[in-house]
Amino acid sequence: MTDTSKRSSLIGRNLLAGAEPDVAGDAGHEDHPPRVGFFTDTSVCIGCKACEVACKEWNAVPEDGLDFTGMSFDNTQGLSASTWRHVAFIEQNKPLGRAETGVDHGDVDVLALAARGSGTPVGEAAITPTSPASPSDAGQNGLRWLMSSDVCKHCTHAACLDVCPTGALFRTEFGTVVVQDDICNGCGYCVPACPYGVIDVRPEDGGAHKCTLCYDRLGAGQEPACAKACPTDSIQFGPLDELRERAAARVEELHRVGVEDARLYGHDPEDGVGGDGAFFLLLDEPEVYGLPPDPVVTTRDLPSMWRHAGAAALTLLGGVAAVFAAQTGVSGRRTGRRR
């Protein structure tokens, strides 16, 4: 696409919302690589937190507290400036998938099954502890764990980037959103702008921090540290279009084996944020995982708000001018009568 046609394609568009198939190109990157991202398949997450550890080690993210919350076995609670990957532990009083009490599973190689991850054959895919099944004949249900490794969504329309006054946040050639620590002034405007509550300011250094999708590793042709460390391939990295196709096939596979609650979250380019660069396969409603059910980029309505504000200002100025003119006319008539 030539520079002229590129500019003409942007004319009249609200770049804060709507379809945007080429985020890197619209950000000014020419001849850029395909947009990349994460597909997190929560159906095979075992809650090992290897992704959290790998993220901290590679990015030198400081320790964020080692105290149990009393609400879960999870000790990191959620994403923050010092937690760029967070594995949620969600306990539910629901049946376990194909679980039967009193059965000896001593001959099952759990580590071998885990290593196969999303490559587990269809016939064996429903025997994970996150797969629901019908209650037993005795009416007894089991506890199931929903585990999900959450991360910055690297939104197509990133409100944090839109509101940053210093340019510390920028769109990379890979379509991801990164914070430049040496430019961030810690104003915190990005914190309430994020519809997912991801980005935060770290009190120790006063700067905003979040996942960079290991931008330095991408530049060297490597996958992000969290995806590299995941033993079950729950976290999958690659070109976003390929991940979406793979995710759709995985949902169909789970539906075929009876996991009807499986659904994708954040994959749709037509949603309120233009689709996420990091999306998920969930086994329950998004709210169960602490995710907003219908996220909308918080800066979407800024153009119309400015238009309405401008119209209101012009109306106000017109009213003031009319009053001033009327008062001037009355004063002039009074002066004429006194003469």
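Residues numbered from 1 in each chain as written. Predicted model: local features only at pLDDT ≥ 70, side-chain atom pairs only at ≥ 80, totals over all residues. Heavy atoms only, no water.

1. Remarks on the overall build of the protein chain
Looking only at helices and strands, one finds 10 helices and 10 strands in the protein chain. Taking all 339 residues of the protein chain together, the buried fraction comes to 42%. A total of about 18,000 Å² of accessible surface is found on the protein chain, and carbon and sulfur atoms cover 56% of it. (Helix = DSSP H or I, 4+ residues; strand = E, 2+ residues; numbered from the N terminus. Buried < 20%, exposed > 50% of the residue type's maximum accessible area, 1.4 Å probe, protein only. Areas by Shrake-Rupley, 256 points an atom, 1.4 Å probe, with all protein chains shown as cover.)

2. Details of the sheet that holds strand S10 (residues 278–282)
Sheets are built from strands that pair by backbone hydrogen bonding, the pairs being arranged parallel or antiparallel. Strands sit in the order S8-S1-S10-S9 across an open sheet of four strands; the sheet is mixed. Each of the sheet's edge strands pairs with one partner strand only, and the pair in question is strand S8 (235–239) and strand S9 (263–265). Geometrically, the sheet is characterised by an average inter-axis angle of 25° between neighbouring strands, direction not taken into account. Bridging between strand S1 (residues 36–41) and S8 involves five bridges; their strand directions are antiparallel. Bridging from a neighbouring strand, glycine 37 pairs with glycine 238 of S8. (Pairing = 2+ DSSP bridges. Axes fitted to C-alpha atoms, helices over the stretch in contact; angles between N-to-C directions.)

3. Comments concerning the nonpolar core
Core analysis: the largest hydrophobic core is formed by 61 residues, its most contacted members being Phe38, Leu169 and Leu281. What leucine 169 contacts, discounting residues up to four positions off in sequence, is Cys160, Leu161, Cys164, Val177, Val178, Val179, Cys190, Ile199 and Lys210. (Core = buried A, V, L, I, M, F, W, Y, C linked by side-chain atoms within 4.5 Å. Contact = heavy atoms within 4.5 Å.)

4. Quick notes on the UniProt feature "binding site: [4Fe-4S] cluster 2" (unreviewed entry) in the protein chain
What UniProt calls "binding site: [4Fe-4S] cluster 2" (unreviewed entry) maps, in this numbering, to Cys55, Cys211, Cys214 and Cys226. A maximum C-alpha distance of 10.6 Å places the annotated residues, which cover 172 residues in sequence, within one compact spot. Note that cysteine 55 resides in helix H3 (residues 50–59). On the basis of relative accessibility, which here comes to 8%, the residue cysteine 55 falls in the buried class. In contact with cysteine 55, other than residues within four places in its own chain, are Ala60, Val61, Trp84 and Arg85. Those residues in contact with cysteine 226, other than ones at most four positions away along the chain, are Phe38, Cys51, Ala54, Arg85 and Ile235. (UniProt positions renumbered as here; feature names shortened; annotations may be inferred.)

5. Structural notes on H3
Inspection of H3 places Cys51, Glu52, Ala54, Cys55 and Lys56 among the buried residues, and these make up the whole buried set. Buried-residue contacts for H3 involve strand S2 (85–92), strand S3 (144–151), helix H8 (225–229) and S8. Where H3 terminates, the next one or two residues include alanine 60, which has phi positive at roughly 55°.

6. Considering unusual backbone geometry
Residues other than glycine seldom take positive phi values, yet histidine 154 does so here, at roughly 45°. If you trace the backbone, histidine 154 turns up in the loop between S3 and helix H5 (159–163). Residue classification places histidine 154 among the buried residues on the basis of a relative accessible area of 2%. Positive phi values are uncommon outside glycine, yet aspartate 233 reaches one of about 60°. Position of aspartate 233 relative to the elements: it lies in the loop between H8 and S8.

7. Structural notes on the pattern of salt bridges
A complete count under the given rule lists nine salt bridges for this structure. Linking lysine 56 and aspartate 64 is a salt bridge whose minimum nitrogen-to-oxygen distance equals 3.6 Å. Residue class for aspartate 64 comes out partly exposed when judged on its relative accessible area of 26%. Between aspartate 241 and arginine 244 there is a salt bridge, with the nearest N and O atoms lying 3.9 Å from each other. With aspartate 241 and arginine 244 both in helix H9 (residues 240–256) and three residues apart, the pair spans about one turn of that helix. Within the structure, one salt-bridge network assembled from shared partners comprises Asp41, Arg250 and Glu253. (Salt bridge = Lys/Arg side-chain N within 4 Å of Asp/Glu carboxyl O.)

8. Looking at the packing of aromatic side chains
Scanning all chains against the criterion turns up five aromatic pairs. Measuring from ring centre to ring centre gives 6.2 Å for phenylalanine 174 and tyrosine 215, while their planes differ by 75°; the resulting arrangement is edge-to-face. Linking phenylalanine 174 in the loop between strand S4 (169–171) and strand S5 (177–179) with tyrosine 215 in helix H7 (residues 215–219), this pair joins segments that are 41 residues apart in sequence. Looking at phenylalanine 174, the relative accessible area reads 12%, which means it is buried. (Phe/Tyr/Trp six-rings, centres within 6.5 Å; stacked < 30°, edge-to-face > 60°.)

9. Brief notes about the environment of serine 80
Along the chain, the position of serine 80 falls in the loop between H3 and S2. Once the C-alpha coordinates of serine 80 and arginine 202 are considered, the two residues, 122 residues apart in sequence, prove to be 8.2 Å apart. Filtering out sequence-adjacent residues up to four positions away, serine 80 remains in contact with Val198, Asp200 and His209.

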